[in-house]
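The residues making up each chain are set out below.
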Amino acid sequence: ASVMTMRGPQWKVAASPIDQARLALASPMEGVDLPCREEERRQLESFLEKGIEDGGATIYISGNPGMGKTATVMSCIANLKSDPANARIRAVELNALKVRDPRDTFVRLHQAVLGGRRLGANASSAALDDYYSPNVQGGRMKREPVILVLDEADFLLTKREEVVYKLFDWASTRNSQLILIAIANVYNLQERGFSTRLAGRFGEGRINFSGYRADQLAEILRFKLGDTLGATFEKAAVQLMSLKVAKQGGDCRQLVSLCSRALDITEKVSPDAKVNLQAVNRAFLEAFGGHVVRYLLTLPPLQKKILQDITKLRKPSKSKKQPRPGAKPKNLAATAEGILSLRREEDPEISSHIIWQALLALERHKLITNEAENGENSDSMNCWTLLVEESDVLETLKH
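Throughout this document, residue positions are counted from 1 along each chain, in the order its sequence is written. This being a predicted model, a pLDDT of at least 70 is required before a residue's local features are given, and a value of 80 or more before pairs of side-chain atoms are given or counted; all residues contribute to the totals for chains, interfaces and linings. Side-chain metrics rest on all non-hydrogen atoms present in the structure, leaving aside hydrogens and water.

Describe in detail the overall build of the protein chain, supporting the description with residues and values.
The numbering of helices and of strands both runs from the N terminus, where a helix is a DSSP run of H or I of at least 4 residues and a strand a run of E of at least 2. The secondary structure content of the protein chain amounts to 18 helices and 9 strands. When the 399 residues of the protein chain are sorted by exposure, 45% land in the buried category. The contacts of the protein chain with a sequence gap of at least 6 include a subset with a gap of at least 24, amounting to 68%. Reported accessibility uses the Shrake-Rupley method at a 1.4 Å probe radius. Residues are deemed covered only where the shown protein chains occlude them. Carbon and sulfur atoms provide 50% of the accessible area of the protein chain, an area that totals close to 21500 Å². Three labels apply to residues, based on accessible area from a 1.4 Å probe with only protein chains included: buried if under 20% of the type maximum, exposed if over 50%, partly exposed otherwise in between. Contacts between residues were defined by any pair of non-hydrogen atoms, one from each residue, lying within 4.5 Å.

And the structure:
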């Protein structure tokens, strides 16, 4: 079945399996129960229930980017609010990267909790101080439950720690009805970045989202792609992709990005082809290789093979076996003649002119240099050497 997608004012049918897989990978995960985070979800749900019952709580969520921290938190909150009994609970999400100044957090929270006229940072802070004062017991300002999700919390840290301290201080006030969930990419933020007075406000609650394992990443890919997975990825390619991403830290977003690139690479071969091991390796090389490797990948096939020939010809043979009668010598120098000999093993019709033009192109790109001595200018006598790392060449030419 085809997938319909809106692009501008017109509908487009994503007919090919690769198009369908690309759309599935791009679909947002917000509001969805992420697979492979069942234990973290259980802990979060337990924390939220207890926080509402106790009239306030704080918890710290840590883990590297792409671990599903924010998505899991927001999904748990959405499930909580779906119960009509929790309709009065308000959820406020603040991303520290989206505020101009850390103190703007007071303004945003004041608007969400108290509403009314927009105040400045100082006035908002004072109003929230009054609202969350321990002396307020539900008389003139009856508190309603608020879940404050503070994403990228480490970016709110200032020298005085004013913003983060106040937020945790308000949440720790008895019967504050403020449930504070601080999310950051740093595991030991309390120990590393906070003073003693602030670390004491964190409490004991902490959940760490560790990197996804290879089997979990494969499960996420099955979850995202559904029926299109088998039509677009070879089984071995899924396993390799998952293993490679797991070794890089288990970042789910990285998995999606690399799968999308592997689909692009495969589509250039055929819209009906499946992602194979070669496409996966190339996608990783483009993502994690240095700028030299990424540049080498753009070279025409003949120039890539010539670079490989140079590495072969300049490397002394370790074999002690005698060559078979009539066999071609393997100890040719890295000259145009030696390279031509190797190329003719694959293409007997290739000419020396084509080889020479490719060598000159590589020289212009500053990838090889000519080591001719004594002013010699014979094509067959001029030796060539690499100007880039041999390991980069060998890694690139696997793909």
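Let us keep going from here.
Let's hear about the nonpolar core: which residues, and what values?
Soluble globular proteins: nonpolar side chains tend toward being buried together. To form a nonpolar core, buried Ala, Val, Leu, Ile, Met, Phe, Trp, Tyr and Cys residues must be joined to one another through side-chain atoms within 4.5 Å. Membership of the largest hydrophobic core comes to 32 residues, with the highest contact counts inside it found for Leu221, Leu225, Phe233, Met241, Leu255 and Val275. Looking at this core, the elements with two or more residues in it are α1 (17–26), α9 (214–225), α11 (235–247), α12 (252–269) and α13 (277–288). Tallying contributions element by element places α12 first for this core, with 8 residues. Dropping the residues within four chain positions of it, Met241 is found in contact with Leu255, Leu258, Cys259, Ala262, Val280 and Phe284. Core analysis: the next-biggest nonpolar cluster, separate from the first, contains 27 residues, Val113, Tyr131, Leu150 and Val163 among them.

For α1, give the residues involved together with the corresponding values.
If you check which residues of α1 are buried, you get Ile18, Gln20, Ala21, Ala24 and Leu25. Along α1, the residues classed as buried sweep out an arc of 160° about the axis, all on the same side. The directions considered for the arc run from the helix axis to the C-beta atoms.

Could you give an account of helix α17 (residues 352–364), naming the residues involved and the relevant values?
Here a helix's expected span is defined as the number of its residues, less one, multiplied by 1.5 Å. Look at α17: 18 Å from first C-alpha to last across 13 residues, which is about the 18 Å you get at 1.5 Å a residue. Within the sequence span of α17, burial applies to Ile355, Trp356, Ala358, Leu359, Ala361 and Leu362. Of the surrounding elements, those touching the buried residues of α17 are α15 (301–313), α16 (336–346), β8 (368–370) and β9 (384–386). Positive backbone phi, at 60°, marks Lys366, one or two positions downstream of α17.

Run through the side chain of Thr232, naming residues and quoting values.
Within the secondary structure, Thr232 is located in helix α10 (residues 228–232). Given the relative accessible area of 0%, Thr232 is considered buried. One polar contact links the side chain of Thr232 to the main-chain carbonyl oxygen of Thr228, over a distance of 2.6 Å. With residues up to four places along the chain from it excluded, the contact list for Thr232 reads Pro17, Ile18, Ala21, Leu263, Ala273, Lys274 and Val275. In protein, a polar contact means a hydrogen-donor-capable atom and an acceptor-capable atom, both N or O and within 3.5 Å, with residues adjacent in sequence counting only if both atoms are side-chain atoms; elsewhere, any N or O pair within 3.5 Å suffices.

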